[in-house]
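Listed below, chain by chain, are the residues.
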Amino acid sequence: MDKTKPYEISKHVVLEAFQRVKANRGAAGIDNESLESFEANLKNNLYKLWNRVSSGSYFPPPVKAVEIPKKTGGVRVLGVPTVADRVAQMIVKIHFEPKVEPHFHPDSYGYRPGKSAADALAITRKRCWQYDWVLEFDIKGLFDNIDHERLMKAVRKHTDNPWVLLYIERWLKAPFQMPDGTLVERTKGTPQGGVISPVLANLFLHYAFDKWMEKNHSDKPFARYADDAVAHCRTLEGAQRLRESLERRFTECGLELHPVKTQIVYCKDDNRRGDYPETKFDFLGYTFRPRTSKNKQGKLFISFAPAVSNKAKTEMRQEIHDWRMHLKPSTTIEDLSHMFNPVIQGWINYYGRFHKSGLYPVLKHFNRALVRWVRRKYKKLAKHQRRATHWLGRIARREPKLFSHWQLGILPSAG
């Protein structure tokens, strides 16, 4: 610790910040410096950064704007900071997050330690059985529209640390550098892609939505994952009133409910009669809708329950297609297992948590892609789909651990 510096920032925290940034990986910023090249001169780079941050002379460089095509059309602009800037943001996050985290609402699940999308899905499933109606909503362009003044007021409520305040303000104002090199000044928003942004977005919505719901609609439990949320209501009138009330609240806060992704849904099941135009909604990659279920006695009934959404299934199939396994005939099946099984396991862990059989068509699609690879690899099987499938089936029974879904009994089949 250098007592001549205006701000006391430990060098150990700077190193820890780098290690966390490294674990999260990520692309290069406007200086095109990768994590690997930053790490090649780590001691010097971290010392320079510590020196500037602890003396108050650190000014964040512009954020690299990367346009990501949206599946619904248009683009989402991600802001990619430089590696050094990500480390600087992580230093502030390490100090600031523990100050706000204990105050956050238990039903805020996004980007929070010890909470996950799976937790949000589990509580939503339970509440859909208890409440007849759901208001599903999405905040349009949350990260682009956060009001800086309101946000800084919330930040000051939780810390008076001068360097935390100084750097958060500087990050909010750091311009975007567009793909053509032009700089765009920012007067609102916090870049989606910044290390500190998720904590700041959660803090903003803590006051704009979570606390407001607690105070004005305490009878309507909700689950929020960043800008995506559902609220449960006993009656249709209650859901309609909440929607109107929420529209006014978000307008006050400089935000807007997404006009297409906001809807009232009836959680229809065996016990809920009557009709309503909307009886399903998507939340965190799952579709909640009436489904045939089986009780402990083996009797079938209709339950309002989640399973992997069609949109998520399409995205997974597209990813399998993009792997182009059939164009890798020189690889071994063990190579393919190393390359792709971690992804398959991740899908099973997440999308197999509720109504696992909904994921089976994707896993069977993967088997078919493997059969294509077999036919490319072995000339004697090139024209024999059925024989190639049997060959792969024998491998699957002999070595089921190669792919996680084989252990679930989803084996290659000619059917």
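Residues numbered from 1 in each chain as written. Predicted model: local features only at pLDDT ≥ 70, side-chain atom pairs only at ≥ 80, totals over all residues. Heavy atoms only, no water.

### Observations concerning the environment of L402
And step 1. Residue placement: L402 occurs in the loop between α14 (385-398) and α15 (404-407).
And step 2. You can call L402 buried: its relative accessible area is 8%.
And step 3. Separated by 64 residues in the primary sequence, L402 and H338 have C-alpha atoms spaced 8.4 Å apart.
And step 4. Contacts of L402, omitting those with residues within four sequence positions, involve I333, E334, S337, N341 and I395. (Helix = DSSP H or I, 4+ residues; strand = E, 2+ residues; numbered from the N terminus. Buried < 20%, exposed > 50% of the residue type's maximum accessible area, 1.4 Å probe, protein only. Contact = heavy atoms within 4.5 Å.)

### Looking at the nonpolar core
And step 1. Within the largest apolar cluster, 70 residues are counted, with the highest numbers of intra-cluster contacts made by I91, V92, F96, V155 and I168.
And step 2. Those residues in contact with I168 that lie beyond four places of it in its chain are V92, F96, M152, V155 and L200.
And step 3. In terms of nonpolar packing, the next biggest core, distinct from the first, is built from 48 residues, C128, F281, F354 and A388 among them. (Core = buried A, V, L, I, M, F, W, Y, C linked by side-chain atoms within 4.5 Å.)

### Digging into the sheet that holds strand β9 (residues 281-283)
And step 1. Taken in spatial order, the three strands make up an open sheet running β9-β10-β11, and their pairing is antiparallel. Of all the strands in the sheet, just β9 and β11 (300-308) have a single pairing partner and so form its edges. Across the sheet, the mean angle separating the axes of adjacent strands is 50° when strand polarity is ignored.
And step 2. Relative to β11, strand β10 (residues 286-294) runs antiparallel, the two being bridged by nine bridges. Within the sheet, the bridge partner assigned to F288 lies in β11 and is P306. (Pairing = 2+ DSSP bridges. Axes fitted to C-alpha atoms, helices over the stretch in contact; angles between N-to-C directions.)

### As for the packing of helix α7 (residues 148-158) against helix α9 (residues 197-216)
And step 1. Where α7 contacts α9, the axes come no closer than 9 Å and their chain directions differ by 95°. Viewed along their axes, α7 and α9 adopt a mutual orientation that is roughly perpendicular. Counted together, R150, L151, A154, V155, K157 and H158 of α7 and L200, L203, F204 and Y207 of α9 form the full contact between these two elements.
And step 2. Partitioning the contact of α7 with α9 into residue classes produces seven nonpolar, one polar and two charged. (Parallel < 35°, antiparallel > 145°, perpendicular 65-115°, else oblique. Nonpolar A, V, L, I, M, F, W, Y, C, P; charged D, E, K, R; others polar.)

### Considerations on the pairing of strand β1 (residues 63-69)
And step 1. Where β1 lies against strand β4 (residues 176-177), two bridges are found, and the strand directions are parallel. By the bridge assignment, V63 is partnered in β4 with F176.

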